[in-house]
Structure formats: structure tokens, C-alpha cells
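One letter stands for each residue in the lines below.
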Amino acid sequence: MYSYTTAGPFGLEDQITTSGPGMTLLYHLILPLFWCIPVSLVSAELTTAMPVQGGFYRWVRASFGDFWGFLAGWWNWSASFLLGGVYAVLFTDYLKFWFPGVTGWKHYGISVGLIALIAYINVRGIQMVGRFATALEIFVLLPVITLIVLGLVKWQHNPFVPVVPPHKPLFQVFGVGLALGLWLYSGYEQMSTVAEEVENPRRSYPLALALVVPLSIATYFLPTLASLAALGNWQDWHTGYLSDAARLIGGPLLGFWMTLAAMVTNVALLNSTVLTTTRMPSAMAEDGYLPKQLTALHPRYGTPWIAIIVSAMVYALLAFQTLAGLITIYVWLRSATTVLTVLSAWGMRRKRPDLPRTFVVPWGRMGLFYVVFAPVVMSVLALLGSDPFARLWGPVALILGPIAYVIDYAFRRREDVKNESNAFSE
């Protein structure tokens, strides 16, 4: 869960120059209250009520019917395409620091090779994925902790000044910066898609959320605070700058270690992305929305290996893309999926109050209102503040969902008519 939702502090650097150091730090203290904490509470309750493969897709379907359930699954799977290949590309980009000749077909080949390796690990099952993720995260967090300690010892500047960068348009400060924040704190419902593969999910899932949410906040907030306090050079921050900050604060060795950690973070993100998103098409195929072949389980490991391989192939086809521009489109898809997820908490309380829930969102009706209302408000703010590129292509990405449902429904209806005709003739 930590690998999917956070993995490391990398990826927030552009927030500093876009929204300002003060606003970035405030985002990482305030956003969780309106985004990942309510989503986590919803996920904990519904996972204990319905610990099924497909997770939130099946919660939405049970609450609001086939159409909205299909959209939740389709939008989530589509969002994974935007990021799966990007993580492999970012890994190879970091590799170029030591091997500048890794360009062109070599760059693409290494990215595809990494995707193939991660797909193989996921075919081996969640236990293999978990052990691999744990080893990766220990390697990532050690230099991050070192950076935090050294940065705080060398505190010389006010890390909250300026709150926002001067002369920046508001849509960058409160739009693009907010979108980056929502991306960083997204995915806390995703591990519900593999609930059937988790030992005792009714206990394990709420416990994991209780540990991961504060750890994620600390992972983003503390190294950013320490680096800004020690260096004060917020104008110089850019993608990958934490490696430079580590070098300036702790010397070349820490900078080298942090760059390796950034590479490993992208491996961890890709690993957990394959784990959580490839169970979605398998679950949708079980329900008749996608080809039945996607439901095939590996004879030895019991994993949906066809769905894993198909998803990995799409990631590989997109492994020449970059992160620029994709995050803001991703946020449209992620926001829509998250809104459906939190609404399903209300829907399941209304339709299935009889389901046993070993964890329930606290504070009664006010608690339920909070976990639904807060993410909806944040989603609306993020979409209204989107940059022009996202406002153009975000709605297109969403509209593809209903179009896919209509096409799927037409094919399923034709198959039903064909089967009825055959049964009548017999």
C-alpha cells in the first residue's frame, strides 16, 4: 500500500516552484484532511464489508448499478495507462545520469525490459510483490531519513517563505499545484482491488491504512521542510531536485544514494501499479464487461496473468511518453473514480445496512457526510483550477468511459440475442 500511494518523496519538486514553498508545505498538511484520510476511512469500512477482488469497482456497482460500476473500473484502468509506462521511463531517465548513451531505442528497450520484469513478479503473486516492495522501500527511506536529520541540523531559512511565488497566475498556484498534491495523495482505495489475495483483509486493510496515511504525510512533508530550511533556494527546485538537495546538504555520497533511491521509487511505483490495476480488468471480465480470457488465473500462482500481461503490453506501448501534462489528465480520471468510491459508502449504507462491518467510519452521520463531501469539494476545486491542456483532454478521457460502456452493451446485447436464438432453435 505504501509503495502504491507514496513510495518516496520524489515527484513533488515542481510543486515548490509552481505553488511556492509555503503553500506546498501547507498542501501536505491540509490536503490529507480533505482527500486521503476520508478516502481511507471509506476504503477501510467497505473493505471489511465487501473484501472482494475488484474492490471499489464492485462497491460502486453494488451501490449504483452496472453503468456507474463500469465507469469506476474503466476510468481506473485508463488512468493506470497514463502512469504505468511513465514510471518505467522515469527510471531510465535517472539511469542516464551514469550512462548518457541510454537514448533512443536503448532507452525504450530498458523501459520495456523493466515493465516485463515487474509483470513477471506480479504474475508470481502478492506475497512476492510484497517482499519485493518491502526491500525497495527500506532502500528508499534510509537516505530520506538521513536527509531529514542533516537538513534540520543545518536549519538557516524560513521554509514557509514565500507562501506563494510572486507574479504567478492563480491557476498554477491553486490549480496545477493542487493537482500535483491530489496525485501524490491518491490511491488509498486501490489496494481494495486485491482484497481476496490478502490474508485476513478485514483486519489487515484498516491497520495498513492507519499506518500508511501518517507515514505518507511525513514522507512528503519532512524532507521538503528540512531541505528548504537548510538551503532556502526554492526557485531552483525542479523535477528530481531532491537528489541535488541531498548532495548540497550531505555531500556527493548522499546525493548519489538519493538518485538511486529515486530510481528505486519508480520501480516500486510501477510494481504496485501493476499489482492494483491489473486486478480491475480481471474483475470486470468476470462480470461480463471485458473478454473472458482476462479472468484466466495462473495454474501455479493463482494470479490473473492474462490481465497482467495485457496491461503490461499497453504500458510498454506508452513507455515513450513523459510525465509532463499527463498528471493533470490523470487527476480528472482519479477524481471521478474517487468521487464514485466515496459515494458508494453512502450507497452501501442505504442498500446493504445488514452487511457486517468490522470497521465503520466514525462520528455517525456527520462522519459519513465528511468522508463524502470533502473529496467531492477537492475534486471540483482541482478540476476548476486545471490548466488549459487538462481542461481540453480531461473531459475527453472521461467521455471515453460512457462510449466504451455503450459499445460493450451493444456487443453483450447481440450475444444475448444470439444465445436466445440458438436456444430456441434447439
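It should be noted that the structure appears before, not after, this text.
Owing to the predicted nature of the structure, the values given are computational and were not obtained by experimental measurement.

A. Molecular detail of the overall build of the protein. Within the protein one finds 17 helices and 0 strands. On C-alpha atoms alone, the protein measures out to a radius of gyration of 22 Å, which is about the 22 Å that the 2.2 N^0.38 rule sets for 426 residues. Projected onto the principal axes, the alpha-carbon positions of the protein cover approximately 80 × 55 × 45 Å. In the protein, 82% of the contacts between residues at least 6 apart in sequence involve partners at least 24 apart. In the structure as shown, the protein presents an accessible area of about 18000 Å², 70% of it carried by carbon and sulfur atoms. Across the protein, the centroid of the 26 positively charged side chains sits 2 Å from that of the 21 negatively charged ones.

B. Structural context of the packing of helix α12 (residues 252-277) against helix α13 (residues 279-286). Interhelical geometry of α12 versus α13 gives an angle of 10° and a closest axis separation of 4 Å. Taken together, the axis directions place α12 and α13 in an arrangement best described as roughly parallel. Between α12 and α13, the contacting residues are Val274, Leu275, Thr276 and Thr277 on the first element and Arg279, Met280 and Pro281 on the second. Looking at the contact of α12 with α13, its residues break down into 4 nonpolar, 2 polar and 1 charged.

C. Local environment of the side chain of Asn271. On the secondary structure map, Asn271 appears in helix α12. If we skip the residues at most four places from it in the chain, Asn271 touches Ile118, Ile121, Asn122, Val129, Phe132 and Ala133.

D. How the structure looks around the packing of aromatic side chains. Evaluated as defined, the whole model comprises 13 aromatic pairs. Plain terms: the ring middles of Phe81 and Tyr315 are 6.2 Å apart, the flat faces sit at 65° to each other, and that makes the pair edge-to-face. Remark: Tyr315 occurs in helix α14 (residues 305-317) and Phe81 occurs in helix α6 (residues 66-95); sequence separation between them is 234 residues. Geometry around Trp346 places Arg350 over its ring, the cationic atom sitting 4.9 Å from the centre.

E. Here's a closer look at the packing of helix α4 (residues 36-49) against helix α16 (residues 364-384). Close contact between α4 and α16 brings their axes to 8 Å; oriented N to C, the two are set at 135°. When the axis of α4 is compared with that of α16, the two are oblique. Both α4 and α16 take part in a crossing whose hand is left-handed. Contacts between α4 and α16 pair Ile37, Pro38, Val39, Leu41 and Val42 from the former with Tyr370, Val371, Ala374 and Pro375 from the latter. Taken together, the residues that form the contact of α4 with α16 break down as 9 nonpolar, no polar and no charged.

F. Seen up close, the nonpolar core. Core analysis: the biggest nonpolar cluster contains 127 residues, and Ile115, Leu182, Trp183, Tyr185, Tyr188 and Leu270 have the highest contact counts within it. Among the elements that line this core, the one with the most residues is α6, at 15 residues.

G. Layout of a nonpolar patch on the surface. Residues Leu26, Leu29, Ile30, Leu33, Phe34, Val163, Val164, Leu170 and Phe174 make up a contiguous nonpolar surface patch of roughly 760 Å² in combined accessible area. Those elements giving two or more residues to the nonpolar patch turn out to be α3 (21-34) and α9 (170-184). Considering every element that reaches the nonpolar patch, the biggest residue donor is α3, with 5 residues.

H. Expanded view of the pattern of salt bridges. Under the definition given, this model contains 9 salt bridges. Here Arg58 ties to Glu286 by a salt bridge, and the two come within 3.0 Å at their closest N and O atoms. Taken together, the positions of Arg58 in helix α5 (residues 56-64) and Glu286 in helix α13 put the pair 228 residues apart, joining distant regions of the chain. Note on Arg58: relative accessible area 15%, which makes it buried. Here Arg61 and Asp66 are joined by a salt bridge, their closest N and O atoms 3.0 Å apart. The class of Arg61 is partly exposed, set by a relative accessible area of 25%.

I. Summary view of the environment of Thr341. Relative to the elements of secondary structure, Thr341 occurs in helix α15 (residues 326-351). Between the C-alpha atoms of Thr341 and Leu297, which are 44 residues apart in sequence, the distance is 27 Å.

J. View of unusual backbone geometry. Cis geometry is adopted by the peptide bond preceding Pro162, which originates at Val161 and carries an omega value of -10°. In this fold, Pro162 is placed in the loop between α8 (126-153) and α9. The backbone of Ala7 shows a phi angle near 70°, a positive value even though the residue is not glycine. Tracing the backbone through its elements, the reader meets Ala7 in the loop between α1 (2-5) and α2 (13-19). One non-glycine residue, Trp363, adopts positive backbone phi at about 75°. Mapping Trp363 onto the fold places it in the loop between α15 and α16.

K. Structural context of α3. Its 14 residues give α3 an end-to-end C-alpha distance of 20 Å, which sits within 8% of 20 Å, the value for a rise of 1.5 Å per residue. Those residues of α3 not exposed but buried are Pro21, Gly22, Met23, Thr24, Leu25, Tyr27, His28, Leu31 and Pro32.

L. Layout of the side chain of Ser43. Within the element layout of this structure, Ser43 appears in helix α4. Contact partners of Ser43, with chain neighbours within four places excluded, come to Trp59, Tyr188, Glu189, Tyr205 and Leu209.

So, how was this worked out
Residues numbered from 1 in each chain as written. Predicted model: local features only at pLDDT ≥ 70, side-chain atom pairs only at ≥ 80, totals over all residues. Heavy atoms only, no water. Helix = DSSP H or I, 4+ residues; strand = E, 2+ residues; numbered from the N terminus. Rg over C-alpha atoms; globule rule 2.2 N^0.38 Å. Contact = heavy atoms within 4.5 Å. Areas by Shrake-Rupley, 256 points an atom, 1.4 Å probe, with all protein chains shown as cover. Lys, Arg positive; Asp, Glu negative; His and termini not counted. Charge placed at Lys NZ, Arg CZ, Asp CG, Glu CD. Axes fitted to C-alpha atoms, helices over the stretch in contact; angles between N-to-C directions. Parallel < 35°, antiparallel > 145°, perpendicular 65-115°, else oblique. Nonpolar A, V, L, I, M, F, W, Y, C, P; charged D, E, K, R; others polar. Phe/Tyr/Trp six-rings, centres within 6.5 Å; stacked < 30°, edge-to-face > 60°. Lys NZ or Arg CZ within 6 Å of the ring centre and 35° of its normal. Left-handed = near helix turned anticlockwise from the far one by under 90°. Core = buried A, V, L, I, M, F, W, Y, C linked by side-chain atoms within 4.5 Å. Buried < 20%, exposed > 50% of the residue type's maximum accessible area, 1.4 Å probe, protein only. Patch = residues over 30% accessible without salt bridge, like charges linked within 9 Å, V, L, I, M, F, W, Y side chains within 5 Å. Salt bridge = Lys/Arg side-chain N within 4 Å of Asp/Glu carboxyl O. Expected span 1.5 Å × (residues − 1).

Nothing here speaks to function; it is all geometry.
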